[in-house]
Structure formats: structure tokens, C-alpha cells
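Residue-level structural notes
Here is what each chain is made of, one letter per residue.
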Amino acid sequence: MMLGKYSIGVGDRFAHQGVAQLRAIMKANESGLEISPVWNKSNREHIYVHTHPADVRKEADAAVATLGYTGKYFVDADHINLSTVAPFVETADFFTLDVAAFIGKPSAEADVKAFVASCEKYMGELAIPGIEKPLHVTKELLEEIASKFLAATQQAAEIYKFLIENKGTGNFVTEVSMDEVETPQTPIDLLFILKMLADKKVPAQTIAPKFTGRFNKGVDYRGDLVQFAKEFEEDVLVIDYAVKEFGLPEELKLSVHSGSDKFSIYPIMAEVIKKYDKGLHLKTAGTTWLEEVIGLAVAGGEGLELAKKIYANSYNRKDELCAPYADVIDIDTSKLPSIDEVNNWTSEKYTNTLRHIPGQPDYNPNFRQLIHVAYKVAAEMGETYTGLLEKYTDIIGKCVEENIYDRHLKRLFNL
Ligand SMILES: [Zn+2]
């Protein structure tokens, strides 16, 4: 099963926006692009929202049927591991093997030695076509990389084996992710991680490393853009080399787990993939849920009331809601408006504060990040929340579509 050159992962916490999301992608494809939608949802999201992996498949199939979409599309079992993968097997056809927890776990000394020995031809000054300076590969560096990543790649091999046994060869797309860690992987790390995956016969089609910089939820990238550009370009070149050298699938491409809305790196990524004619998978999640809250606020009346209630509950429970996302948010609580203040807001003030429009004076990334991690609050409201999603489906759908098309796809594909 092949993913296609460009793909975008769209998360949809409450499974109501599949059609609006697909409309945005189809609109981008009208310009001749072939971007495949991938509906991604992690185990954690399913637990919080009380949904089942089969719901995502239903949503995707229904959206495709409604709009008569004829291109490729996928359902991603996002960030699964051996203990969480089973319920996804039947309905997902894209699996994100999250092995971050195994980084740094010890491997047998003999395995480390064998890996280092297998890399002999790469030792010294290793020239990667396109990268200005050759990579400096020493035995010590290889030992370090092996000690760090062999266990993680072994874990990927075990999850892959489980999928082959339960889903069958060729019936799914394989992604390997290591992004949910603090320390970024360098292009040299990536090169040898790919060799390990190839050695272990894991035919990764996308790989999600941890890039340099902060990828906080729902807000822009924070970090050194020049450094990011260099690293991203080198990763692309390393992948190209690894595909040829280690025999990995030809379509192998980077998967950027963006945490949504990394607008300032979109043009950088766009330029690099254009320069080398490479593919890209960009995962977003949560940006659609935020558009639901925005849409409710736009609707005014009971919609705006509910959006305010969501904020009040989020504010009162911020410690609990932020804890699971501590590494991927940065909220300055002194910059969060009080509940009383927000309760006096108009639709316009609420949406200007929450909507991600860089330069809009009311935009508040602290407010936005808090709502981003607060979907549990809406999930607890049950039908009160989903009922209004359905009542205001037109307004909300427009917000969802505009967000994905205008703010994401246009920036990423130069539309
Ligand atoms: Zn991720």
C-alpha cells in the first residue's frame, strides 16, 4: 500500500468534521496537486473522547462518499505501541509505530557490536550527495547511536511483525515515530536509525523524527529557523541516500508531527521538498477541534455561551488538563484572561483571541494552547457539545475548511 507523495494528517477529535476537512484538501487538489488525506487519531484521544478506532474509519468513508472523492485516503492508528495496537488492526491502514519510549533502553552488547561492525564502510568522512560537508562517522559515534536507538528500532520491528501477522503484508502503510522526546535526532542519527530499520526489515514509508525547536500544540514553531532549515534539508538528503543505500521503500519520506500550525516553517519545508522533488507527510491534530470552538463562538447565542463554558472549565482545571501535554505546551498563566473577563466577550473578541492569525492584536497563544489540550472538557459535555456541533454544522464546517485550506495548505503548497 502506497501513500502518495503528499499527504496530510488531519485529526478530528469528535469525528464531525471529516467532510469539511476533505473539502479543504479537494480544493487544494483542484490546482493539480494530489494530497492524500489521512485521518489520524491516537489511543489517548480515543480514551478521552470515548470513541473507538472504527469510528474514524466510518467518518473517513462517509466523508469520501459524501463528496465523491476518488483519490487515496487513509486511517492512521496514531502513536500506537505493542500494548495499544490491537483495537486498530481491523479499521486502520496506516500505523504510526511510536517507539520513542524505547530510545536509550539497553541492547545486548553483542547487538551493538554487530551493528557497529556492519557500518564499517560508512566510517570516516561519509559524503552524502547534496550535503555540503561530509558526515564525520567514528566508531564511538556509532556505538553511541546504537546504544541509543537499537532497542527502539527493535521495538518497531516487533510491532511491524505483529501487524504483518494480524493485518497481512501490503495492507498498510508503516510510519515509525520518535518525535515525542526532548532531544532532537540529528541527520546522522536519522541515517543510522534508517539503517537499523532496514536491517530489521521494517519497510518504513514515513519517519517522524524529533526536529530541533519547540512544537507546541496549536501554535507556531519556536526555535532557530536557520537551524531548522539546515536540519530539515539534511534529513531529506539523508533519506534519499538511505533509500538507495539500504534498500528502504522508494517512497520513504519525512513525517512532520507538527502539533498543528507551525506556519513559520511551512515555507521552509515547501522550498526544500520542491528543490529536491520529494514528498512530505504533515500531521496536524487539534487544529480542527479549535475551529469547532471558534465556530461555536462565531454562531453566537448558545454557541458562544458554550465556548465560554469550555474556557471556564478549562481554566479551572488547567493543571489536570495540561499535565499529559507538559512537554508540548508553554502556557504563561499570567496571560490567561479571567473567566469573568471572557464571559463578557463578544463573538468577535472570543474568535480573534482563539483563531491563529499571526499579527491579530487579540490573538493569545496561551489561551489557544489551553483550549487545545481541553478537548476532554467538551467530551464530558457529551451531547450538549456534539448537539451544537450538529446544529451549527455549516458555520463550523466553514471554519474548519478555511483553516485547513487557507492557513495550512496554502502556506505549505504555495497555493
Ligand atoms: Zn507525534
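The residue numbers shown here count from 1 along each chain, following its written sequence. Only residues with pLDDT of 70 or above have their local features reported here, since the model is predicted, and side-chain atom pairs are shown and tallied only from 80 upward, although totals for entire chains, interfaces and linings are computed over all residues.

1. Regarding the overall build of the chain
Put simply, DSSP marks the helices as runs of H or I at least four residues long and the strands as runs of E at least two long, and each gets a number from the N terminus on. The helix and strand inventory of the chain stands at 17 helices and 10 strands. Over its C-alpha trace the chain gives a radius of gyration of 22 Å, about what one expects of a compact globule, namely 22 Å for 415 residues. Structurally, the chain occupies a C-alpha span of about 70 × 45 × 40 Å along its principal axes. Using C-beta atoms placed from the backbone, we call a residue buried if 20 or more other C-beta atoms fall within 10 Å of its own, exposed if 12 or fewer do, and partly exposed for counts in between. Across the 415 residues of the chain, 47% fall into the buried class. Within these notes, the globule rule equals 2.2 Å times the number of residues to the 0.38 power, and the radius of gyration is based on C-alpha atoms.

2. Thoughts on the nonpolar core
What makes a nonpolar core is a set of buried Ala, Val, Leu, Ile, Met, Phe, Trp, Tyr and Cys residues, with links drawn between C-beta atoms within 7 Å. Counting residues in hydrophobic clusters, the biggest one holds 116 residues, and the most contacted among them are Phe94, Ala156, Leu197, Val293, Ile310 and Ile371. Ranked by residues supplied to this core, first place goes to helix H5 (residues 139-167) with 11 residues. Where each domain begins and ends is defined by an automated method or by a domain database. Mapping this core onto the domain boundaries places at least three of its residues in each of domain 1 (6-285) and domain 2 (288-392). Contact between two residues is assigned whenever their backbone-derived C-beta positions fall within 7 Å. Among residues more than four places away in sequence, those in contact with Val293 are Ala307, Ile310, Leu354 and Ile371.

3. Some points on the packing of helix H4 (residues 109-118) against H5
Only the stretch in contact is used when fitting a helix axis, every axis being a line fitted to C-alpha atoms; angles between N-to-C directions are given from 0 to 180 degrees. Between H4 and H5, whose axes approach to 9 Å, the crossing angle comes to 130°. Considering their axes alone, H4 and H5 lie oblique with respect to each other. The hand of the H4/H5 crossing is right-handed. Contact residues: Asp111, Val112, Phe115 and Val116 in H4; Lys139, Leu142, Glu143, Ala146, Ser147 and Leu150 in H5. Here the residues of the contact of H4 with H5 sort into six nonpolar, one polar and three charged. In these notes the angle categories are as follows: under 35 degrees is roughly parallel, over 145 is roughly antiparallel, 65 to 115 is roughly perpendicular, and the rest is oblique. Crossing handedness follows the turn of the near helix against the far one: under a right angle anticlockwise gives a left-handed crossing, and clockwise gives a right-handed one. Amino acids outside the nonpolar list (Ala, Val, Leu, Ile, Met, Phe, Trp, Tyr, Cys, Pro) and the charged list (Asp, Glu, Lys, Arg) are all regarded as polar, and Gly is one of them.

4. A closer look at the domain arrangement of the chain
Quoted interface sizes are often the accessible area lost when the parts come together. You can read the domains of the chain as domain 1 (6-285) and domain 2 (288-392). Here the C-alpha centroids of domain 1 and domain 2 sit 30 Å apart. Listed as interface residues are 22 residues of domain 1 and, on the opposing side, 21 residues of domain 2. Of all the secondary-structure elements, those providing two or more residues to the side of domain 1 that touches domain 2 are strand S1 (6-11) and helix H2 (43-49).

5. A short note on helix H7 (residues 225-246)
The span one expects for a helix is its residue count, reduced by one, times 1.5 Å. Over its 22 residues, H7 runs 30 Å from end to end, which matches the ideal 32 Å to within 8%, given 1.5 Å per residue. The set of residues buried in H7 consists of Phe228, Glu231, Phe232, Glu233, Glu234, Asp235, Val236, Val238, Ile239, Tyr241 and Ala242. Following H7 by one or two positions, Gly247 adopts a phi angle in the positive range, close to 75°.

6. Focus: the sheet that holds S1
With respect to topology, eight strands assemble into a closed barrel ordered S1-S2-S3-S4-S7-S8-S9-S10, the strand pairing being parallel. This sheet shows a mean twist of 25° between the axes of neighbouring strands, independent of strand direction. Sheet analysis places S1 next to strand S10 (residues 280-283), joined by four bridges and oriented parallel. Across the sheet, the residue bridging to Gly9 is Lys283, located in S10. Between any two strands, pairing holds if DSSP finds at least two bridges.

7. Topic: helix H1 (residues 18-29)
With 12 residues, H1 extends 16 Å between its outermost C-alpha atoms, agreeing within 8% with the 16 Å of an ideal straight helix rising 1.5 Å per residue. Along H1, the residues that are buried comprise Gly18, Ala20, Gln21, Leu22, Arg23, Ala24, Ile25 and Ala28. Looking at the packing, one finds that the buried side of H1 touches S1, strand S2 (35-42), helix H3 (53-67), helix H9 (287-299) and helix H17 (393-413).

8. Some details on the packing of H9 against helix H13 (residues 347-354)
Taken N-terminus to C-terminus, the directions of H9 and H13 make an angle of 165°; their axes are 8 Å apart at the nearest point. Of the possible angle classes, the one that applies to H9 and H13 is roughly antiparallel. The two elements H9 and H13 meet at a crossing, and its hand is left-handed. The segment H9 lies against H13, with Leu290, Val293, Ile294, Ala297 and Val298 engaging Ser347, Tyr350, Thr351 and Leu354. Its residues assigned to classes, the contact of H9 with H13 comprises seven nonpolar, two polar and no charged.

9. So, the pairing of strand S9 (residues 253-257)
Counted residue by residue, S9 has five buried out of five residues, so it is predominantly covered. Pairing between strand S8 (residues 206-208) and S9: two bridges, direction parallel. Looking at S9, one finds that Thr206 is bridged to Lys253. Seen with its strands pointing away from the viewer, a crossover is right-handed when the path leading from the first strand over the helix to the second is clockwise. Viewed along the sheet, the connection from S8 through H7 into S9 turns out right-handed. Summarising the sheet, S9 and S10 pair through three bridges and their orientation is parallel. Along S10, the bridge assignment pairs Val256 with Leu282. Following the chain from S9 across helix H8 (residues 266-276) to the adjacent parallel S10, one finds a crossover that is right-handed.

10. Things to note about unusual backbone geometry
Located in the positive-phi region is Asp261, a residue other than glycine, with phi close to 65°. In this structure, Asp277 takes a positive phi of about 55° despite not being glycine. Of note, Asp277 is situated in the loop between H8 and S10.

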